[in-house]
Amino acid sequence: MAHMAPPPPSGASPPTASHPSADLQPWQWPEERWRSLVGQVRAGRRLKPRAWKGGARCAVALSFDSDHETNELRDGGRSIGRMAWGEYGTRQGVPRILDLLAKHDIRATFFVPAVSALLHPEEQSRVVGEGHEIGIHGWIHELNSVLPYEAERDLMLRSADALERTTGTRPVGLRTPSWDFSPQTLSIEREMGLLYDSSLMADVDCYELVENGEPTGIVELPVEWMRDDAVYFGMHRFQGLRPQMPVEAVFQIFRRELEGAWAEGGVFQLTMHPHHIAYRSRLWMVEELIGLANATHAEVAAWARENG
Ligand SMILES: [Zn+2]
(Lines give C-alpha, C1' and ligand atoms only; values in the text may rest on other atoms or scores of the structure.)
Protein backbone atom coordinates (compact mmCIF):
# COMPACT_ATOMS: atom_id res chain seq x y z
CA MET A 1 0.00 0.00 0.00
CA ALA A 2 1.42 3.38 -0.94
CA HIS A 3 1.10 6.43 1.23
CA MET A 4 1.69 10.01 0.16
CA ALA A 5 4.47 11.19 2.41
CA PRO A 6 4.27 14.79 3.60
CA PRO A 7 7.53 16.71 3.64
CA PRO A 8 9.82 15.83 6.54
CA PRO A 9 8.95 17.79 9.67
CA SER A 10 10.95 20.94 10.13
CA GLY A 11 12.23 22.12 13.47
CA ALA A 12 15.56 21.35 14.99
CA SER A 13 16.62 18.41 12.86
CA PRO A 14 20.17 17.23 13.45
CA PRO A 15 22.67 19.07 11.30
CA THR A 16 23.29 17.53 7.89
CA ALA A 17 26.43 17.77 5.81
CA SER A 18 25.24 21.16 4.63
CA HIS A 19 24.77 22.49 8.16
CA PRO A 20 27.27 25.26 8.99
CA SER A 21 28.56 23.39 12.03
CA ALA A 22 28.60 19.94 10.43
CA ASP A 23 32.39 19.85 10.18
CA LEU A 24 32.99 20.94 13.75
CA GLN A 25 34.03 18.58 16.52
CA PRO A 26 31.56 18.21 19.43
CA TRP A 27 33.72 20.39 21.67
CA GLN A 28 33.57 23.13 19.04
CA TRP A 29 29.80 23.04 18.61
CA PRO A 30 27.93 26.29 19.21
CA GLU A 31 25.47 26.13 22.10
CA GLU A 32 22.52 26.16 19.69
CA ARG A 33 23.67 22.88 18.22
CA TRP A 34 23.87 20.81 21.37
CA ARG A 35 20.69 22.38 22.68
CA SER A 36 18.78 21.53 19.50
CA LEU A 37 20.06 17.94 19.50
CA VAL A 38 18.98 17.43 23.11
CA GLY A 39 15.66 19.20 22.49
CA GLN A 40 14.45 16.94 19.69
CA VAL A 41 12.58 14.60 22.04
CA ARG A 42 12.33 15.36 25.74
CA ALA A 43 10.36 14.30 28.79
CA GLY A 44 7.63 16.80 29.66
CA ARG A 45 4.81 16.69 32.16
CA ARG A 46 5.12 13.83 34.63
CA LEU A 47 2.04 11.63 34.46
CA LYS A 48 2.04 9.86 37.79
CA PRO A 49 -1.54 9.14 38.85
CA ARG A 50 -2.52 9.86 42.44
CA ALA A 51 -4.23 6.49 42.49
CA TRP A 52 -4.38 3.52 40.17
CA LYS A 53 -7.50 1.94 38.76
CA GLY A 54 -9.47 -0.02 41.33
CA GLY A 55 -7.27 1.30 44.13
CA ALA A 56 -4.30 -0.82 43.03
CA ARG A 57 -1.06 0.02 44.83
CA CYS A 58 0.99 0.12 41.62
CA ALA A 59 0.68 -0.77 37.94
CA VAL A 60 2.35 -3.88 36.56
CA ALA A 61 2.74 -3.59 32.78
CA LEU A 62 4.13 -6.75 31.23
CA SER A 63 5.15 -6.75 27.59
CA PHE A 64 6.32 -9.47 25.24
CA ASP A 65 8.04 -8.52 22.00
CA SER A 66 7.10 -11.23 19.49
CA ASP A 67 10.12 -10.69 17.26
CA HIS A 68 10.36 -14.35 16.25
CA GLU A 69 12.15 -14.83 12.91
CA THR A 70 12.66 -11.07 12.39
CA ASN A 71 15.49 -11.30 14.91
CA GLU A 72 17.50 -12.87 12.08
CA LEU A 73 15.83 -11.28 9.05
CA ARG A 74 16.18 -7.69 10.27
CA ASP A 75 19.92 -7.55 9.57
CA GLY A 76 19.64 -9.46 6.31
CA GLY A 77 20.61 -12.70 8.05
CA ARG A 78 19.73 -16.05 6.49
CA SER A 79 20.72 -18.44 9.28
CA ILE A 80 18.23 -21.28 9.38
CA GLY A 81 19.46 -22.10 12.87
CA ARG A 82 18.71 -18.63 14.21
CA MET A 83 15.34 -18.58 12.45
CA ALA A 84 14.53 -21.86 14.22
CA TRP A 85 15.28 -20.08 17.51
CA GLY A 86 12.78 -17.42 16.49
CA GLU A 87 10.34 -20.15 15.54
CA TYR A 88 10.51 -21.42 19.11
CA GLY A 89 9.09 -18.05 20.12
CA THR A 90 5.89 -18.66 18.17
CA ARG A 91 5.68 -22.46 18.47
CA GLN A 92 6.42 -22.81 22.19
CA GLY A 93 7.04 -19.35 23.64
CA VAL A 94 3.82 -17.45 23.02
CA PRO A 95 1.55 -20.44 23.81
CA ARG A 96 3.33 -21.00 27.14
CA ILE A 97 3.06 -17.28 27.94
CA LEU A 98 -0.63 -17.14 27.01
CA ASP A 99 -1.35 -20.21 29.14
CA LEU A 100 0.37 -18.58 32.10
CA LEU A 101 -1.49 -15.27 31.65
CA ALA A 102 -4.81 -17.13 31.34
CA LYS A 103 -4.08 -19.16 34.46
CA HIS A 104 -3.75 -15.94 36.46
CA ASP A 105 -6.44 -14.07 34.49
CA ILE A 106 -4.20 -11.12 33.65
CA ARG A 107 -3.63 -9.14 30.49
CA ALA A 108 -0.38 -8.08 28.84
CA THR A 109 0.85 -6.29 25.74
CA PHE A 110 2.52 -7.97 22.76
CA PHE A 111 4.58 -5.77 20.43
CA VAL A 112 4.65 -7.49 17.06
CA PRO A 113 6.67 -6.64 13.92
CA ALA A 114 4.35 -6.74 10.90
CA VAL A 115 6.37 -9.54 9.31
CA SER A 116 5.88 -11.64 12.46
CA ALA A 117 2.14 -10.97 12.29
CA LEU A 118 2.01 -11.92 8.60
CA LEU A 119 4.00 -15.11 9.26
CA HIS A 120 1.87 -16.05 12.27
CA PRO A 121 -1.63 -14.54 11.94
CA GLU A 122 -3.22 -17.31 14.00
CA GLU A 123 -0.96 -16.43 16.93
CA GLN A 124 -2.10 -12.79 16.83
CA SER A 125 -5.74 -13.89 16.68
CA ARG A 126 -5.27 -15.93 19.82
CA VAL A 127 -3.45 -13.07 21.57
CA VAL A 128 -6.25 -10.54 20.95
CA GLY A 129 -8.92 -13.21 21.41
CA GLU A 130 -7.67 -13.72 24.96
CA GLY A 131 -7.93 -10.00 25.73
CA HIS A 132 -4.33 -8.87 25.29
CA GLU A 133 -3.13 -5.77 23.49
CA ILE A 134 -1.03 -5.81 20.31
CA GLY A 135 1.23 -2.82 19.64
CA ILE A 136 3.35 -1.72 16.68
CA HIS A 137 6.94 -2.99 16.58
CA GLY A 138 8.16 -2.02 13.11
CA TRP A 139 7.88 -3.84 9.81
CA ILE A 140 10.76 -6.34 9.94
CA HIS A 141 12.39 -5.03 13.15
CA GLU A 142 14.29 -2.40 11.17
CA LEU A 143 16.25 0.39 12.85
CA ASN A 144 14.33 3.67 12.50
CA SER A 145 17.45 5.81 12.87
CA VAL A 146 19.02 4.50 9.64
CA LEU A 147 15.89 5.00 7.50
CA PRO A 148 15.10 7.97 5.29
CA TYR A 149 12.02 9.82 6.57
CA GLU A 150 9.74 8.58 3.75
CA ALA A 151 10.71 4.93 4.36
CA GLU A 152 10.26 5.19 8.14
CA ARG A 153 6.82 6.76 7.74
CA ASP A 154 5.74 4.28 5.08
CA LEU A 155 6.84 1.28 7.19
CA MET A 156 5.16 2.63 10.32
CA LEU A 157 1.84 3.15 8.52
CA ARG A 158 2.05 -0.21 6.75
CA SER A 159 2.88 -1.93 10.05
CA ALA A 160 -0.21 -0.45 11.71
CA ASP A 161 -2.32 -1.44 8.67
CA ALA A 162 -0.99 -5.01 8.75
CA LEU A 163 -1.70 -5.40 12.47
CA GLU A 164 -5.18 -3.95 12.04
CA ARG A 165 -5.96 -6.34 9.19
CA THR A 166 -4.65 -9.30 11.20
CA THR A 167 -6.30 -8.51 14.52
CA GLY A 168 -9.28 -6.32 13.61
CA THR A 169 -8.04 -3.60 15.96
CA ARG A 170 -6.00 -0.51 15.14
CA PRO A 171 -2.96 -0.42 17.46
CA VAL A 172 -2.67 2.64 19.73
CA GLY A 173 0.93 2.21 20.88
CA LEU A 174 4.39 1.87 19.42
CA ARG A 175 7.56 0.25 20.66
CA THR A 176 10.27 1.03 18.15
CA PRO A 177 12.35 -2.04 17.26
CA SER A 178 15.44 -2.15 19.47
CA TRP A 179 14.06 1.07 21.08
CA ASP A 180 15.77 2.88 18.23
CA PHE A 181 14.30 6.35 17.73
CA SER A 182 14.95 8.67 14.77
CA PRO A 183 14.55 12.46 14.82
CA GLN A 184 11.30 11.92 12.86
CA THR A 185 9.79 9.03 14.83
CA LEU A 186 7.81 11.21 17.22
CA SER A 187 6.31 13.37 14.47
CA ILE A 188 5.14 10.21 12.67
CA GLU A 189 3.57 8.96 15.91
CA ARG A 190 1.77 12.31 16.23
CA GLU A 191 0.52 12.09 12.65
CA MET A 192 -0.81 8.59 13.40
CA GLY A 193 -2.60 9.83 16.52
CA LEU A 194 -1.03 7.21 18.77
CA LEU A 195 -1.92 7.18 22.46
CA TYR A 196 1.51 6.16 23.68
CA ASP A 197 5.09 5.21 22.97
CA SER A 198 7.11 2.65 24.92
CA SER A 199 10.66 3.02 23.61
CA LEU A 200 12.37 5.66 25.76
CA MET A 201 13.65 5.79 29.32
CA ALA A 202 13.79 9.30 30.80
CA ASP A 203 11.77 8.41 33.93
CA VAL A 204 10.32 5.59 35.97
CA ASP A 205 6.79 7.03 35.68
CA CYS A 206 4.77 7.83 32.58
CA TYR A 207 5.42 11.25 31.05
CA GLU A 208 4.32 13.40 28.13
CA LEU A 209 6.68 13.48 25.16
CA VAL A 210 7.83 16.94 24.08
CA GLU A 211 9.08 17.52 20.54
CA ASN A 212 11.33 20.54 19.98
CA GLY A 213 9.76 22.25 22.98
CA GLU A 214 6.19 21.43 22.01
CA PRO A 215 4.07 19.10 24.20
CA THR A 216 2.67 16.32 21.99
CA GLY A 217 -0.04 14.71 24.14
CA ILE A 218 1.65 11.34 23.56
CA VAL A 219 2.32 9.34 26.72
CA GLU A 220 5.68 7.67 27.19
CA LEU A 221 5.50 4.42 29.14
CA PRO A 222 9.20 4.15 29.87
CA VAL A 223 11.32 1.05 29.35
CA GLU A 224 14.81 0.26 30.65
CA TRP A 225 17.52 -2.15 29.47
CA MET A 226 17.71 -3.49 33.02
CA ARG A 227 14.05 -4.54 32.73
CA ASP A 228 14.59 -6.40 29.45
CA ASP A 229 15.20 -10.16 29.44
CA ALA A 230 17.24 -9.99 26.22
CA VAL A 231 20.01 -8.18 28.09
CA TYR A 232 20.49 -11.19 30.36
CA PHE A 233 19.59 -14.12 28.14
CA GLY A 234 20.51 -13.04 24.61
CA MET A 235 23.39 -14.84 22.97
CA HIS A 236 25.05 -15.10 19.55
CA ARG A 237 27.06 -18.18 18.70
CA PHE A 238 29.51 -16.32 16.47
CA GLN A 239 29.84 -13.15 18.48
CA GLY A 240 31.05 -12.38 21.98
CA LEU A 241 27.46 -12.00 23.17
CA ARG A 242 26.71 -14.88 25.52
CA PRO A 243 26.02 -13.59 29.02
CA GLN A 244 23.60 -16.33 30.17
CA MET A 245 23.00 -14.76 33.58
CA PRO A 246 21.83 -17.01 36.41
CA VAL A 247 18.04 -16.97 36.37
CA GLU A 248 17.83 -16.27 40.11
CA ALA A 249 20.00 -13.16 39.71
CA VAL A 250 17.75 -11.80 36.95
CA PHE A 251 14.69 -12.50 39.05
CA GLN A 252 16.18 -10.54 41.95
CA ILE A 253 16.68 -7.48 39.71
CA PHE A 254 13.11 -7.65 38.40
CA ARG A 255 11.72 -8.25 41.90
CA ARG A 256 13.50 -5.23 43.35
CA GLU A 257 12.20 -3.07 40.50
CA LEU A 258 8.69 -4.30 41.26
CA GLU A 259 9.09 -3.74 45.00
CA GLY A 260 10.27 -0.19 44.30
CA ALA A 261 7.24 0.52 42.12
CA TRP A 262 5.04 -0.89 44.87
CA ALA A 263 6.64 1.33 47.51
CA GLU A 264 6.32 4.45 45.35
CA GLY A 265 2.90 3.70 43.88
CA GLY A 266 4.45 3.76 40.42
CA VAL A 267 4.73 1.57 37.34
CA PHE A 268 6.59 -1.70 37.04
CA GLN A 269 7.16 -2.16 33.31
CA LEU A 270 8.90 -5.27 32.00
CA THR A 271 10.02 -6.18 28.47
CA MET A 272 10.35 -9.85 27.59
CA HIS A 273 10.76 -11.97 24.48
CA PRO A 274 9.05 -15.32 23.90
CA HIS A 275 12.32 -16.88 22.65
CA HIS A 276 14.21 -15.69 25.76
CA ILE A 277 11.81 -16.03 28.68
CA ALA A 278 9.44 -18.87 27.78
CA TYR A 279 11.59 -21.82 28.84
CA ARG A 280 11.03 -24.38 31.57
CA SER A 281 13.88 -22.92 33.60
CA ARG A 282 12.81 -19.28 33.27
CA LEU A 283 9.07 -18.73 32.91
CA TRP A 284 8.50 -19.33 36.61
CA MET A 285 9.92 -15.89 37.37
CA VAL A 286 7.09 -14.24 35.44
CA GLU A 287 4.58 -16.26 37.43
CA GLU A 288 6.15 -15.07 40.68
CA LEU A 289 6.06 -11.45 39.51
CA ILE A 290 2.40 -11.42 38.55
CA GLY A 291 0.84 -12.01 41.92
CA LEU A 292 -0.13 -8.30 41.92
CA ALA A 293 -2.19 -5.85 39.91
CA ASN A 294 -1.65 -5.91 36.19
CA ALA A 295 -2.70 -4.02 33.08
CA THR A 296 -1.89 -3.56 29.40
CA HIS A 297 0.41 -0.74 28.31
CA ALA A 298 -2.53 1.08 26.69
CA GLU A 299 -4.55 0.92 29.92
CA VAL A 300 -1.63 2.26 31.97
CA ALA A 301 -0.94 5.06 29.44
CA ALA A 302 -4.61 6.06 29.26
CA TRP A 303 -4.98 6.02 33.06
CA ALA A 304 -1.79 8.09 33.46
CA ARG A 305 -2.96 10.64 30.89
CA GLU A 306 -6.36 11.05 32.54
CA ASN A 307 -5.16 10.96 36.14
CA GLY A 308 -1.53 12.10 36.00
ZN1 LIG B 1 11.96 -6.47 19.28
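Cut-offs and rules
- Residues numbered from 1 in each chain as written.
- Predicted model: local features only at pLDDT ≥ 70, side-chain atom pairs only at ≥ 80, totals over all residues.
- Heavy atoms only, no water.
- Buried < 20%, exposed > 50% of the residue type's maximum accessible area, 1.4 Å probe, protein only.
- Helix = DSSP H or I, 4+ residues; strand = E, 2+ residues; numbered from the N terminus.
- Pairing = 2+ DSSP bridges.
- Polar contact = N/O pair within 3.5 Å; in protein donor to acceptor, adjacent residues only side chain to side chain.
- Contact = heavy atoms within 4.5 Å.
- Core = buried A, V, L, I, M, F, W, Y, C linked by side-chain atoms within 4.5 Å.
- Donors = N, O, S within 2.8 Å, 3.2 Å for Na, K, Ca; no water.
- Tetrahedral: all angles 85-135°; square planar, octahedral: opposite > 155°, others 65-115°.
- Phe/Tyr/Trp six-rings, centres within 6.5 Å; stacked < 30°, edge-to-face > 60°.
- Lys NZ or Arg CZ within 6 Å of the ring centre and 35° of its normal.

S.K.: Where do I start with the pairing of strand β3 (residues 109-112) in this structure?
M.R.: Taken residue by residue, a regular strand's side chains alternate between the two faces of the sheet. By the alternation rule, side chains of β3 split into T109 and F111 and F110 and V112, which are all buried. Pairing of strand β2 (residues 59-65) with β3 involves three bridges; the strand directions are parallel. Counterpart to F64 in the pairing with β3 is F110. Across four bridges, β3 lies against strand β4 (residues 133-136) in parallel orientation.

S.K.: Help me understand the side chain of H275, please; the structure alone is not making it clear to me.
M.R.: Mapped onto the secondary structure, H275 falls in helix α10 (residues 274-277). A polar side-chain atom of H275 sits 2.7 Å from a polar atom in the side chain of N71. Not counting residues within four places of it along the chain, the set of residues in contact with H275 comprises N71, W85, Y88 and G89.

S.K.: Would you take a moment to explain the environment of R280 for this structure?
M.R.: Note on placement: R280 falls in the loop between α10 and α11 (284-289). R280 sits 184 residues away from R96 along the chain, and the two C-alpha atoms are 9.5 Å apart.

S.K.: Is there a simple way to think about the nonpolar core in this case?
M.R.: In a soluble, globular protein the nonpolar side chains are often hidden away together inside. If you look at the biggest cluster of nonpolar residues, it comprises 44 residues, and the most contacted ones within it are L62, F64, F110, F268, I277, M285 and V286. For this core, the element with the most residues is helix α9 (residues 247-264), which contributes six residues. Discounting residues that sit within four places of it in the chain, M285 has contacts with F233, V247, V250, F251, F254 and I277.

S.K.: Before we go on, may I ask you to explain the coordination of the zinc ion in this structure?
M.R.: Around a metal, the perfect tetrahedron of four donors has angles of 109.5 degrees, and the perfect octahedron of six donors has angles of 90 or 180 degrees. In the first shell of the zinc ion, the protein supplies D67 (OD), D67 (OD), H137 (NE2) and H141 (NE2), at 2.1 to 2.4 Å from the metal. The coordination sphere of the zinc ion comprises four donor atoms, whose angles at the metal cover 54 to 137 degrees; the geometry is irregular. In terms of primary sequence, the donors binding the zinc ion are separated according to D-x69-H-x3-H.

S.K.: Is there a simple way to think about the packing of aromatic side chains in this case?
M.R.: Pairs of aromatic rings are described using the distance from one ring centre to the other and the angle between the two planes. All told, the structure shown has five aromatic pairs when counted by the stated rule. Between the aromatic rings of Y88 and Y279, the centroid separation amounts to 4.4 Å while the plane-to-plane angle is 0 degrees, which identifies the pairing as stacked. Highlighted residues: Y88 in helix α3 (residues 80-103) and Y279 in the loop between α10 and α11, separated in sequence by 191 residues. Here the basic side chain of R158 rests over the ring of W139, its NZ or CZ set 4.7 Å away from the ring centre. The ring of F233 is capped by R282, whose NZ or CZ atom sits 4.0 Å from the centre of that ring.

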